[in-house]
Amino acid sequence: MKKRFAVAAFLAAGLLPAFFAQEPQDEVVALTVDQAVDCAMEHSLTLKSAEIDLEIKKRASKYSWNVLLPTLQLSGTAARTTDIDSTLQQMNSMGQLGAALAHTPYTPVTEKEKYHWAVVGDASASLNLSLAYIGQIRAAKASYEGGKITWEQNQKETVMNVKKLFYGLLIQQEALAVKEASLENARQRAAQAEVNYRNGLIPELRLLNAQVTYENQKPEYESAEQALRQQMDTFAFLIGLPVGTKIQLEGSVEPVYVDVTSEELLEKYGDNSLEMRSLQNNIEVLKLNLSALNFSSYTPALVLSYNYQPTKTFFTDDSKWPDQGALSITLAWNITNMLPFSANRQQAKDLQANLDKLELAMETLRENQKVQVKKAVDTLSQAREQIDSMGRNITLAQRAYDSSARSYRNGATELLDLRDAESQLNQAKLGQLNQKFNYISALMDLEYTLNADLSSYKE
């Protein structure tokens, strides 16, 4: 049973109950496989985390144009000049000259504290324009598309894992039911042996053997029952129900058989794989980033800037604020970035190397997909044959067990022979259940690998 619950470790990291601390419910919660999936999807922390990542990429894509926004800045400065002697001398010289020309008296300007001060306001706007921005905007939008693919992957993986756990629990329930029937048979044989012993039909040894067999099976059954309860608690925890909730699984391990070939599936759904689409998206994003880097290296940037700078000094009493700002248009080209040994070009080479690696990974993924699809189809075919074969074997084992049970009741068969017949019957039943689970699991893996619903191939 360990393999059937191996995915529990994965889900434990991502599925936690929103109301974990609640008291266990007394009533029994009946769940179908679809209801279990819905419950897990609602409380999956993995999906909630992926949703946050998707929202981040969505916002980055939506506002990727903000690289074209101008930079606006306002500032104000009050400055005190320590030495104003030269300014005063210049003012007095000009004042004296003017007074002499006008034949008027002149009063020299003397130093005052306010003459040391000047107030400067500044309002500036600048806009950088580069062809590299086009690649950056497109890369942000492509990254958002990749985020949606990852989100879909997480959803489908969660659904698949919960379903596998659900069907695994159903098989564990069936195995417990087989043990329970076997225990009941042992109890009835022990009771019958006691009656036969009292009637002098069998020796005491046969009575003791029957009683020992029954007593030996009781702890085995109780251990299996406890293991199922623990797995149910784990399952409740994983899908978001309070631990201790009594769950009744509604469903059966009955596969839906499909008639498929690996060649047909690869031809029709080979490019549907979410993993392949995610890798293709990564390649596209990397190409766009490389294109943006090349544009920034080999094309100039246009910088538009306007600065409004009103300035006020206190040498005069007028209220004028003369503007000392300027308008500039700059075409800047970083020649260093074009050098093959520059940091910029080395970064471009790293991007190209990673791009080459992703291209190789794509080829590997395509080949691996062929292997996985062929393997899954072979598993479906083999499991189907095993299910049919074990079905016939169950019929034969049941007949053999019934015959052995009649013979045992009549005293014509040893207890060991009856136990062998019962063991063969139980083994056949559980073997068929395991093969049914293998078929269901392989079909889910195949649909996940191809990102396709194969119900249209139903036999």
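Structure: see above.
The written sequence of each chain sets the order in which its residues are numbered from 1. Owing to the predicted nature of the model, reporting of local features is limited to residues with pLDDT of at least 70; listing and counting of side-chain atom pairs is limited to 80 or more, with chain, interface and lining totals taken over all residues. Side-chain measures were taken over the full set of non-hydrogen atoms in the model, leaving aside hydrogen atoms and water.

### Examining the overall build of the protein chain
What counts as a helix is a DSSP run of H or I of at least four residues, what counts as a strand is a run of E of at least two, and both are numbered from the N terminus. When helices and strands are tallied, the protein chain shows ten helices and seven strands. Expected size for 459 residues packed as a compact globule is a radius of gyration near 23 Å; at 41 Å, the protein chain overshoots this value by more than 25%. By its C-alpha atoms, the protein chain is 155 × 55 × 35 Å across when sized along the principal axes. A total of 459 residues make up the protein chain; the buried ones form 36% of that total. We call two residues in contact whenever any of their non-hydrogen atoms come within 4.5 Å of each other. Long-range contacts, defined here as pairs at least 24 residues apart, represent 85% of the contacts in the protein chain between residues at least 6 apart. Element-wise, carbon and sulfur atoms account for 53% of the exposed surface of the protein chain, whose accessible area totals about 26900 Å². The globule rule used here is 2.2 Å times the number of residues to the 0.38 power, and the radius of gyration it is set against is calculated over C-alpha atoms. Burial classes: relative accessible area under 20% of the type maximum marks a residue as buried, over 50% as exposed, and values in between as partly exposed (1.4 Å probe, protein chains only). Note on areas: Shrake-Rupley with a 1.4 Å probe; residue coverage comes only from the protein chains shown.

### What about the environment of A376?
Position of A376 among the secondary structure elements: in helix α9 (residues 343–409). The class for A376 is buried, based on a relative accessible area of 9%. As for A376 and E447, which are separated by 71 residues in sequence, their C-alpha atoms are 9.7 Å apart. Excluding residues that lie within four positions of it along the chain, A376 makes contacts with A442 and L446.

### Details of a nonpolar patch on the surface
A contiguous nonpolar patch, built from L68, L129, L304 and I329 and spanning about 340 Å² of accessible area, is present on the exposed surface. When you line up the elements, L68 lands in the loop between α3 (45–62) and β2 (71–80). What makes L68 partly exposed here is its relative accessible area of 42%. For patches, a residue must show more than 30% relative accessible area and have no salt bridge; joins then use 9 Å for like charges and 5 Å for nonpolar side chains, namely Val, Leu, Ile, Met, Phe, Trp and Tyr. What makes a salt bridge here is a side-chain nitrogen of Lys or Arg within 4 Å of a carboxyl oxygen of Asp or Glu, nothing more.

### Description of the pattern of salt bridges
Enumeration according to the criterion identifies eleven salt bridges in this entry. Between K370 and E367 there is a salt bridge whose closest N-O contact spans 3.5 Å. Taken together, the residues span about one helical turn, with K370 and E367 both in helix α9 at a distance of three residues. Exposure remark for E367: the relative accessible area of 46% places this residue in the partly exposed category.

### Re the packing of aromatic side chains
Two rings from Phe, Tyr or Trp (for Trp, the six-membered ring) form a pair when their centres are within 6.5 Å of each other. A pair whose planes differ by under 30 degrees is stacked, one over 60 is edge-to-face, and the rest are tilted. With the rule as written, the count across this model stands at three aromatic pairs. Ring geometry for F166 versus Y167: centroids 5.8 Å apart, planes at 90 degrees, classification edge-to-face. Across this residue pair, the class does not change: F166 and Y167 are buried. On the basis of an interplanar angle of 75 degrees and a centroid distance of 5.0 Å, the ring pair of Y257 and Y439 is categorised as edge-to-face.

### A word on the packing of helix α2 (residues 33–43) against helix α5 (residues 132–198)
Where α2 contacts α5, the two axes come as close as 9 Å, and the packing angle between them is 135 degrees. As summarised for this structure, α2 and α5 are arranged oblique, according to the angle between their axes. In this structure, α2 crosses over α5, and the sense of that crossing is right-handed. Within the contact between the two elements, α2 uses V33, A36, V37, A40 and M41 and α5 uses Q155, T158, V159, V162, K163, F166 and Y167. Tallied by class, residues from the contact of α2 with α5 come to nine nonpolar, two polar and one charged. Comment: axis = line fitted to C-alpha atoms, over the contacting stretch for helices; angle = value between 0 and 180 degrees taken between N-to-C directions. Each angle gets one of four labels, with under 35 degrees taken as roughly parallel, over 145 as roughly antiparallel, 65 to 115 as roughly perpendicular, and the rest as oblique. Left-handed describes a crossing whose near helix is turned anticlockwise from the far helix through less than a right angle; right-handed describes the clockwise counterpart. Here the nonpolar group is Ala, Val, Leu, Ile, Met, Phe, Trp, Tyr, Cys and Pro; Asp, Glu, Lys and Arg are the charged ones; every other residue, Gly included, is treated as polar.

### Examining the side chain of Q369
Looking at where Q369 falls in the secondary structure, it is placed in helix α9. N or O atoms within 3.5 Å of each other form a polar contact, as long as, within protein, one can give a hydrogen and the other can take it, and as long as residues adjacent in sequence are counted only when both atoms are side-chain atoms. From its side chain, Q369 meets the backbone oxygen of G270 in a polar contact 3.1 Å long. Q369 has contacts with L266, G270, S273, M276, T449 and L450, leaving out every residue within four places of it along the chain.

### A look at the nonpolar core
Only buried residues count toward a nonpolar core. Its members are Ala, Val, Leu, Ile, Met, Phe, Trp, Tyr and Cys residues joined through side-chain atoms within 4.5 Å. Judged by nonpolar contacts, the single largest core of 38 residues is most densely connected at F166, F235, I239, L241, I247 and L249. Considering every element that reaches this core, the biggest residue donor is α5, with 13 residues. Core analysis: the next-biggest nonpolar cluster, separate from the first, contains 19 residues, Y269, V377, Y439 and L443 among them.

### Considerations on the environment of N334
By secondary structure assignment, the location of N334 is in the loop between β7 (326–332) and α9. Overall, N334 belongs to the partly exposed group, its relative accessible area being 39%. Here the alpha-carbon distance between N334 and E157, two residues 177 residues apart in the chain, equals 48 Å. Within the local environment of N334, its side chain forms a polar contact with the backbone nitrogen of T336, the two atoms lying 3.1 Å apart.

### Digging into helix α8 (residues 274–298)
Spanning 25 residues, α8 covers 36 Å between terminal C-alpha atoms, matching the ideal 36 Å at 1.5 Å per step. Structurally, the start of α8 carries an N-cap: the backbone nitrogen of E275 is 3.3 Å from a side-chain oxygen of S273. Every helix has an expected span of 1.5 Å times one less than the residues it contains.

### Concerning the pairing of strand β5 (residues 301–308)
Judged from the seven bridges that link them, strand β3 (residues 117–129) and β5 form a sheet pairing that is antiparallel. For S124, the partnering residue across the bridge sits in β5 and is N307. Note: two strands are recorded as paired if DSSP finds a minimum of 2 bridges between them. Pairing geometry for β5 and β7, over seven bridges, is antiparallel. Of the residues in β7, the one forming a bridge with Y306 is L327.

### Focus on the pairing of β3
Of the pairings in the sheet, the one linking β2 to β3 comprises ten bridges and is antiparallel in character. Residue pairing for β3: A78 is matched across the bridge by V119. Judged from the three bridges that link them, β3 and strand β6 (residues 311–313) form a sheet pairing that is antiparallel. If you follow V120 over to β6, its bridge partner there is T311.

### Here we look at the packing of α5 against α8
The contact between α5 and α8 brings their axes to 8 Å, and the two run at 165 degrees. Comparing their axes, α8 and α5 come out roughly antiparallel. In this structure, the crossing between α5 and α8 has a hand that is left-handed. Considered class by class, the residues forming the contact of α5 with α8 number nine nonpolar, nine polar and seven charged.

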